[in-house]
Amino acid sequence: MRHVDLCVIGSGSGNSIVDERFADRRVAIVDAGVGPQQAFGGTCLNLGCIPTKMYVYPADLAAEVDHARALGVDLRLDGVHWRAIRDRIFGRIDPIAEAGRRWRASGMANVELLRGRAHFVGPRALRVVGAEGAAEDLTADQVVIAAGSRPRSVDVPGADRVVLHTSDTVMRLEELPREMVIVGGGYIGLEFAHVFASFGVDVTILNRAGMLLRKEDEDVALRATQVASQRCHVHLQQHLDAFEPLDGGRIRVRATGPSGPRAYDTDLVLVAIGRIPNGDRLGVEATGLTLTPDGRIPVDEHQRTPVEGIWALGDVSSPYLLKHVANAEARTVQHNLLHPDDLVATDHRFVPHAVFGSPQIAATGLTEQEARGRGLRYITATQDYRDVAYGWAMEDDGHFCKLLADPATGQLLGAHIIGPQASVLLQPLVQAAALGLDLRTLARSQYWIHPALTEVVENALLALPWPEAA
Ligand SMILES: Cc1cc2nc3c(=O)[nH]c(=O)nc-3n(C[C@H](O)[C@H](O)[C@H](O)COP(=O)(O)OP(=O)(O)OC[C@H]3O[C@@H](n4cnc5c(N)ncnc54)[C@H](O)[C@@H]3O)c2cc1C
Ligand SMILES: NC(=O)c1ccc[n+]([C@@H]2O[C@H](COP(=O)([O-])OP(=O)(O)OC[C@H]3O[C@@H](n4cnc5c(N)ncnc54)[C@H](O)[C@@H]3O)[C@@H](O)[C@H]2O)c1
C-alpha cells in the first residue's frame, strides 16, 4: 500500500499548504473536483467568490442606469450580453484552474495529485475512488482535511421531477431566463438576485425567515429587505410545499406564507438555502472522529482534530464559510506542520464578511441583538451616507454605517455598513479591532481624506457617545 508523509484532501485552500518547504516530504493531494466540470482548485475559484464577483461588477454597471438619471445623466442600457459576460468570466477562470491542476500534478517531484473522492478506512488510512470507480488505498502520517462544503438541497415533493439550479450551475446557463425564483435570502440569494435583476430578469425571492439576511444586525437586515423588495418580489416566512414541472421546462413552485398557499410559475429556480460541510461524506468514523452537531469536523485553535495527526480547515470545519477564513486556517496548518514544536492558533476574532449585492453589506463583530442578548454594556452610533459630502455627491439615501463600542475599553464591539463600497469602508474598523486600537484614537489620530466616502466611518466614530469620564 502507498504510504505518504502528508495527505491533503481538497484542492481549494488546502492546495496552498504544500510549497517548497515540504520538499523533503512525500505528499499526496487528493481532489474530487467541484461542480459539473469537476474542476480543480476548489469553490472560491470555480464556483464561488471569484466568478460571482465577476458577475456582480457588470451587474453594478447595469444597475447604475436608474441612479444616474436621478443625477441628470441619461444612461441607456442597450443590452446585457449574457453569453459574452459568462464567457469572459469562465474564459479567464477555467484556464487558471486547469493550469493549477497541471502544476499540481507535475510541478513538484515529491507531490502527487490523485484525482478522486477520498474516504477514511482507518485512522490515517484512506481509499480514493476515481471517477471510473477504480480505488486506491493509501496511508499517511499526517492528513489535512480541506474538503469544503456543498449546496444544501431542498427536500420537498417534486424536487426530483424538475431541474433545480444551485450556485454550482446557475453561472453557466446558456440563456438568461425571463423570470426566476430564488429560494433563500442569504448571501448567495442576495448576490444572485442583484446580478439577475440588474440583467433584466424578473426575480422572486422566497425566504423562510421573516427578514432577508436575518443574521445581520437587525437595522441592516431590515434595510436590506426593504431595498430588495423594491427590485424583486420578496416573499418572507415562506414554507416550500412542492415543485411541479410545467410545459417548456417551466416550473411551478408551491409555497405557503402568512397569506396562505400560493403558486409561482417560473422559468428557473435557484436554491440557495445554505451549505453543508462535506465531513459527512468522508467516513471519519473510521478515524474515531465525531462530527459536531452542525456537521463540522471538530478542530481546536491550532486546527488539530481530536485525532492525532489529522488536521482540518475551511468550510469542512469552520463556522465561517468564508475564503479569507479558510486561507487563514490553511496558513495555520501549514505553519504547524512545519513547526510542530511551535504551534500557532488561528485568530477568529473580528472575522469580517461582505455581501456583494445591491447595496453592499459588510460587517464584523457583534450585531446589536447579540450585544443585547449577551447583556453587554455598549454605546452605538449610526452615520448616514447622505449626511457626508460624498453622500451628497451621490445623492445617497438609506445607507449607513453603524458602530457598537465598549464604553469602558474604547474597543469596537461591532461594525455594520450597508451602502456603496461597504466592503472597502469596513477595513479600517477591522484593522482597529484586530490591533486593539481605541476607537477615539482611530478617529482622531489620523487624517481622513476630505471629502472621501470614508467620512461615513470617521463621522460614525466621532458620533459615538462616550461616557464623560472615559
Ligand atoms: C456562490 C458562492 C460565493 C461565495 N463568495 C464568497 C465571497 O465573496 N467571499 C468569501 O470570503 N467567501 C465566499 N464564498 C465562500 C468560499 O467560496 C468558501 O468559504 C471557500 O471556498 C471554502 O474553501 P475550502 O478550501 O474550505 O473548500 P473548497 O474550496 O470547496 O475546497 C474543497 C475541495 O475538497 C474537494 N473534496 C471534497 N470532498 C472530497 C473528497 N471526499 N475527496 C477528495 N476531494 C474532496 C473538492 O473537490 C474541493 O476541491 C462563496 C461561496 C459560494 C458558494
Ligand atoms: N460574499 C460572501 O462572502 C459569500 C457569498 C456567497 C456565499 N457565501 C458563503 O456561503 C454560505 C452559504 O450561502 P447561502 O446564501 O446559501 O446561505 P445563508 O445561510 O447565507 O442563507 C440561507 C438563507 O436561506 C433561507 N432558507 C433556509 N432554508 C430555507 C427554505 N427551506 N426555504 C426558504 N428559505 C430558506 C434562510 O432563511 C437564509 O436566508 C454563506 O453562509 C456564506 O458563508 C459567502
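Residues numbered from 1 in each chain as written. Chains lettered and ligands numbered in written order. Predicted model: local features only at pLDDT ≥ 70, side-chain atom pairs only at ≥ 80, totals over all residues.

1. A word on the domain arrangement of the protein chain
In plain terms, the rule: As annotated, the domain borders come from an automatic or database domain assignment. For every residue pair, C-beta atoms are placed from the backbone, and the pair is scored as a contact if these atoms sit within 7 Å. Secondary structure elements are defined from DSSP: runs of H or I of at least 4 residues count as helices, runs of E of at least 2 residues count as strands, and each element is numbered from the N terminus. By the convention adopted, Pro, Cys, Tyr, Trp, Phe, Met, Ile, Leu, Val and Ala count as nonpolar, Lys, Arg, Asp and Glu as charged, and the other residues, Gly among them, as polar.
Taken domain by domain, the protein chain comprises domain 1 (2-150 + 276-338), domain 2 (159-272) and domain 3 (359-463). A C-alpha centroid distance of 27 Å is found between domain 1 and domain 2. Taken residue by residue, the interface counts 13 residues in domain 1 and 13 residues in domain 2. Those elements that provide at least two residues to the side of domain 1 that touches domain 2 are helix 2 (49-70) and helix 3 (82-106). In terms of residues, the side of domain 1 that touches domain 2 owes the most to one element, helix 2, which gives seven residues. Among the residues forming the side of domain 1 that touches domain 2, the class breakdown is 10 nonpolar, two polar and one charged.

2. Regarding the UniProt feature "domain: FAD/NAD(P)-binding" (unreviewed entry) in the protein chain
Spelled out, the test is: UniProt positions are given in the numbering used here, feature names are shortened, and annotations may be inferred rather than shown by experiment.
In the numbering used here, UniProt assigns the feature "domain: FAD/NAD(P)-binding" (unreviewed entry) to residues 5-328. A helix fraction of 26% and a strand fraction of 27% characterise residues 5-328, whose end C-alpha atoms lie 23 Å from each other.

3. Points about the site of ligand 1
What counts here: The rule is simple: place the C-beta atom from the backbone, and if it lies within 6 Å of a molecule or strand, the residue is near it.
Around ligand 1 sit 37 residues, and of these Gly10, Gly12, Gly42, Gly148 and Gly314 come closest. Looking at the shell around ligand 1, the elements with two or more residues in it are strand 2 (27-31), helix 1 (42-46), helix 2, strand 4 (117-122) and helix 6 (323-338). Grouping the amino acids of the shell around ligand 1 by side-chain chemistry returns 16 nonpolar, 15 polar and six charged.

4. Description of the nonpolar core
What counts is decided by this rule: The term nonpolar core means buried Ala, Val, Leu, Ile, Met, Phe, Trp, Tyr and Cys residues held together as one set by C-beta atoms within 7 Å. With C-beta atoms placed from the backbone, the exposure class of a residue follows from how many other C-beta atoms lie within 10 Å of its own: 20 or more, buried; 12 or fewer, exposed; in between, partly exposed.
Core analysis: the biggest nonpolar cluster contains 77 residues, and Ile182 and Ala193 have the highest contact counts within it. A total of eight residues in this core trace back to one element, the largest contributor, which is helix 4 (residues 187-198). Formed by 41 residues, the second largest nonpolar core is a distinct cluster that contains Val111, Val128, Leu289 and Leu337.

5. Quick word on the UniProt feature "binding site: NAD(+)" (unreviewed entry) in the protein chain
The positions UniProt marks with the feature "binding site: NAD(+)" (unreviewed entry) are Gly184, Gly185, Gly186, Tyr187, Ile188, Gly189, Leu190, Glu191 and Gly274. Considering the C-alpha atoms alone, the annotated residues occupy 91 residues of sequence yet fold into one spot, their largest mutual distance being 13.5 Å. Within the secondary structure, Gly189 sits in helix 4. Not counting residues within four places of it along the chain, the set of residues in contact with Gly189 comprises Ile182, Gly184, Ile205 and Ala272. Topologically, Glu191 is positioned in helix 4.

6. Quick notes on the sheet that holds strand 8 (residues 164-165)
What counts here: Here a strand pair is declared whenever DSSP counts at least two bridges between the two strands. Simply put, an axis is a line fit to the C-alpha atoms, just over the touching stretch for a helix, and the angle between two N-to-C directions goes from 0 to 180 degrees.
Strand order across the open sheet formed by five strands is 8-15-9-10-11, with parallel pairing between neighbours. Either end of the sheet is taken by a strand with one partner, and the two such strands are strand 8 and strand 11 (233-235). By the bridge criterion, three bridges tie strand 10 (residues 202-206) to strand 11 in an arrangement that is parallel. Counterpart to Thr204 in the pairing with strand 11 is His233. Against the sheet, helix 4 makes contact with strand 9 (179-183), strand 10 and strand 15 (268-271), and its axis sits at roughly 165° relative to strand 10, the strand it touches most.

7. A few points about the environment of Ala408
With respect to the helices, strands and loops of the structure, Ala408 is situated in the loop between strand 21 (400-405) and strand 22 (412-418). Separated by 374 residues in sequence, Ala408 and Val34 have C-alpha atoms that sit 48 Å apart.

8. Some remarks on the packing of helix 2 against helix 4
Let me state the cut-off plainly: If an angle is under 35 degrees, it is roughly parallel; if it is over 145, roughly antiparallel; if it lies from 65 to 115, roughly perpendicular; otherwise it is oblique. Note on convention: the crossing is left-handed when the near helix lies turned anticlockwise from the far helix by less than a right angle, right-handed when the turn is clockwise.
With their axes 8 Å apart at the nearest point, helix 2 and helix 4 run at an angle of 45° to one another. Judged on the interaxial angle alone, helix 4 and helix 2 are oblique. Note that helix 2 runs across helix 4; the crossing there is left-handed. On the side of helix 2, the interface is formed by Thr52, Tyr55, Val56, Ala59, Ala62 and Ala63, while helix 4 contributes Glu191, His194, Val195 and Ser198.

9. Observations regarding the site of ligand 2
Near ligand 2 you find 26 residues, and of these Gly184, Gly186, Ile188, Arg208 and Leu321 are the closest. For the shell around ligand 2, the elements supplying multiple residues, two or more each, are helix 4 and strand 18 (353-355). Examining the composition of the shell around ligand 2, we find that four residues originate from one element, helix 4, more than from any other. Classifying every residue of the shell around ligand 2 gives 14 nonpolar, eight polar and four charged.

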